[in-house]
Amino acid sequence: MKLMKIAASAVAITAFAGIATAAEQYVPVTAYWTGPYAPGGSGIAGGWVDYMKLINKRGGVNGVMLKWEKCDTQYKPDLMIECYEKMKGKGAPMIHPFGTGLTYAVFERAWKDKIPVVTLGYGRTDATDGRVFPYLFPALTNYWSQSTTKIKFIGQQVGGMDKLKGMKIANVHHDSAYGKETTPVLEAQAKKYGFEYRNFPVAHPGLDQKAIWLQIARQYKPDWVILRGWGVMNPTALKEAARVGFPRNKVVGVWWSGAEEDVVPAGRAAKGYYAAGFHGSGTDYPAVQDILKEIYGAGEGELPKERVGSIYYNRGLVWGAFTVEAIRKAMERTNNQPVKGEDVQWALEHLEVTPAMIKKLGLTGLMPPMKLSCADHEGGGRAKFMQWDGSKWNVVSDWIDSDQEIVRPMVEASAAKYAKEKGLKVRDCK
Amino acid sequence: MLEFAFQEPMFALEVIIGGLLSGIMYSLVALGFVLIFKASGIFNFAQGALVLFAALTFVKMLEFGVNFWLAIVITLAIMMVLALSIERVVLRPLVNQPLIILFMATIGLNFLIEGLAQGIWGAEVHSLDLGIPEEPLEGLMDAVGISITYFELASAGIAAAMVFGLSIFFNKTRVGRALRAVADDHQAAMSVGIPLQHIWALTWAAAGIVALVAGMLWGAKIGVQFSLALLALKALPVLILGGFDSVAGAIVGGLIIGALEKFSEVFIGPYVGGAIENWFPYVFATVFLLFRPQGLFGQKIIERV
């Protein structure tokens, strides 16, 4: 009898443990904490995880606690696939591959497994067309949208878009799929506004760029330079620009060229340089203050305290907030229970993050509003521009809307081509 | 396509000078490889990781508030400890093994040191200011329109001093001769009383010093970050061209490779889509290898059966 009681208790404990586990939401955190891109990876992942810690301190998402698992991809596609395969069966509601190349490595697998792949500020641009790519979400803003905001920003700096006519723009880009991705949209913009542009590919990793910058400064002599770099390529480019005497306040970087890690190593050479961004910098936001107080105050922060408020860290907060709000929305389908990939796919196509919601999250000014749909997996497409003053980034523009007249037809054409190649049926989103 | 070089001679000259100055920086990294190869016959795959480890250690010392010169001394001491550990744990058990085994061991070491560097000192990017101005020499710029910075001149001077010092060390000192004997034949060197373990520890410590100098200069140029470990890729064609066991070859090879990659990028690159400066020197070095396998200044080994 005693044995029966023990057995019954064991069953009860096991069942209770099962319920406890069921009340946790698994979140895979794939990032790169080691390898050449670890400065960016550790920063974004740090902000993301700190945000989830803050949510848990406040009782989780609708009472469901977040439980995350980290997997280091080192920014390598093979490791990304390994991480994905390891984590997909554990209840992954979505995957952030954390890199364009890594996205290409897993998005078709995830699609088959019905797990949404979220690529905030990177990834495959034509996946903006949700009719063709139901499980891929280049949300907030994609590369083509960003490219149009850069040209608009340059237009603002020179006194109007009509002043772009006859100008020369050098496109210094990483010689990779990521680096080349904006070339078609730049071509379309050049036709529309009448400027001339020339591509200057930089071989990875871009440790020495004398040849490129000598061509730019002595031969091509552009009015502006677009810097589409990654990692060590960015500070090296700014130093070489200084060396050949090209003014840094005529260089505009993509957001993967616009973190502290991209300018601090360049020292004085970076002063005056502009970069795009899709979120705010610094710590002057209620949620960041809460993180400093509740997470770092308790000694539970992911990173050294001085990295809080950096560009990469704040980008991680946006990723964290986006993840949490997608899960919250998906819980509408599960009666506030943990969610799966298909729930999140539905949620993402119905997700609207309003200014009021952002204020409630304590992220006003840091996170932009957005509204995604079945046909539009981007849901935003805006960018702000910042300028490095030698010690910090200062926001120097309002939100600049992308030029969807150029971007959307190109997105649809590219997505349709993909659908044709793969023999896919295009969804009707009406 | 090369007619542009003749149409714009001053521009072509600036490109070549820029290349020579880049080449000197590659030579600094190549010297570390040469040192270990010359003294032990091992191609040290981990030299790039040593550059990263040394630079990160040095910059962290500075960030801890340690005086500049004391930071150099502490970093050198840490590099010595690392060298002794490598000799004791990795190399000593492999004495008399084929060189390919030792090479494989350095591949493992490379990843170990890279991981150690990031594990101990973190993954952040650090700026490093050595106090050498990076502005171009104004007089030269005004007179001929060619941009050369004080930093580049200083780097060239430091590289020259290192070559001079290492040449004296290898050719004029007893220890240097012992190093060369070990490289020729481990067993023969041991049989005449040369203490192999001490020699290897000394060699790796010296490579650590070279790595620190390269790491400081490259760290000041591009920031102290993981990418410093990738510098090894820039040194390889230099070594193939100059010869793996020649100090002078590392310098001459560096100058040629530097000038060649810049010239090819500017005057050939635009015709083939650009971004050729990484692979073009390898093509050149490979072709060169077919005609002179030992490199420009490398020792030609003749083995009699």
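Structure report, in brief. (Residues numbered from 1 in each chain as written. Chains lettered and ligands numbered in written order. Predicted model: local features only at pLDDT ≥ 70, side-chain atom pairs only at ≥ 80, totals over all residues. Heavy atoms only, no water.)

### Details of the overall build of chain B
Part 1 of the argument: A count of helices and strands for chain B gives 13 helices and zero strands.
Part 2 of the argument: For chain B, the succession of helices and strands along the chain, N to C, is α-α-α-α-α-α-α-α-α-α-α-α-α.
Part 3 of the argument: For chain B, whose C-alpha radius of gyration is 20 Å, the value lies close to the compact-globule estimate of 19 Å for 305 residues.
Part 4 of the argument: In terms of its C-alpha atoms, chain B occupies a principal-axis envelope of roughly 65 × 55 × 35 Å.
Part 5 of the argument: Scored against the burial criterion, the 305 residues of chain B give a buried share of 52%.
Part 6 of the argument: Considering only contacts within chain B whose residues lie at least 6 apart along the sequence, 74% involve residues at least 24 apart.
Part 7 of the argument: Averaging the coordinates of the 14 positive side-chain charges in chain B and doing the same for the 20 negative ones gives two points 18 Å apart. (Helix = DSSP H or I, 4+ residues; strand = E, 2+ residues; numbered from the N terminus. Rg over C-alpha atoms; globule rule 2.2 N^0.38 Å. Buried < 20%, exposed > 50% of the residue type's maximum accessible area, 1.4 Å probe, protein only. Contact = heavy atoms within 4.5 Å. Lys, Arg positive; Asp, Glu negative; His and termini not counted. Charge placed at Lys NZ, Arg CZ, Asp CG, Glu CD.)

### Structural notes on the interface of chain A and chain B
Part 1 of the argument: Counting from both sides, the interface comprises 35 residues of chain A and, opposite them, 41 residues of chain B.
Part 2 of the argument: Interface area, chain A with chain B, both sides summed: about 3100 Å², of which 56% is carbon and sulfur.
Part 3 of the argument: Among the residues of chain A in contact with chain B, Leu 207, Asp 208 and Arg 243 of chain A are the three that bury the most area, contributing 21% of the side total.
Part 4 of the argument: Put simply, chain A and chain B have nine salt bridges between them. (Buried area = accessible area lost by both parts, 1.4 Å probe. Salt bridge = Lys/Arg side-chain N within 4 Å of Asp/Glu carboxyl O.)

### Quick word on the packing of helix H12 (residues 247-267) of chain B against helix H13 (residues 280-291) of chain B
Residues and elements named next belong to chain B.
Part 1 of the argument: The geometry of H12 relative to H13 is characterised by a closest axis approach of 9 Å and an angle of 125° between their N-to-C directions. Considered as vectors, H12 and H13 are oriented oblique to each other. You can see that H12 and H13 cross each other, and the crossing is right-handed. Taken together, the residues of H13 that come into contact with H12 (itself represented by Ile 256, Ile 257, Leu 260, Glu 261 and Ser 264) are Phe 280, Pro 281 and Phe 284.
Part 2 of the argument: Tallied by class, the residues present in the contact of H12 with H13 amount to six nonpolar, one polar and one charged. (Axes fitted to C-alpha atoms, helices over the stretch in contact; angles between N-to-C directions. Parallel < 35°, antiparallel > 145°, perpendicular 65-115°, else oblique. Left-handed = near helix turned anticlockwise from the far one by under 90°. Nonpolar A, V, L, I, M, F, W, Y, C, P; charged D, E, K, R; others polar.)

Function cannot be read off these values alone, since they describe shape.
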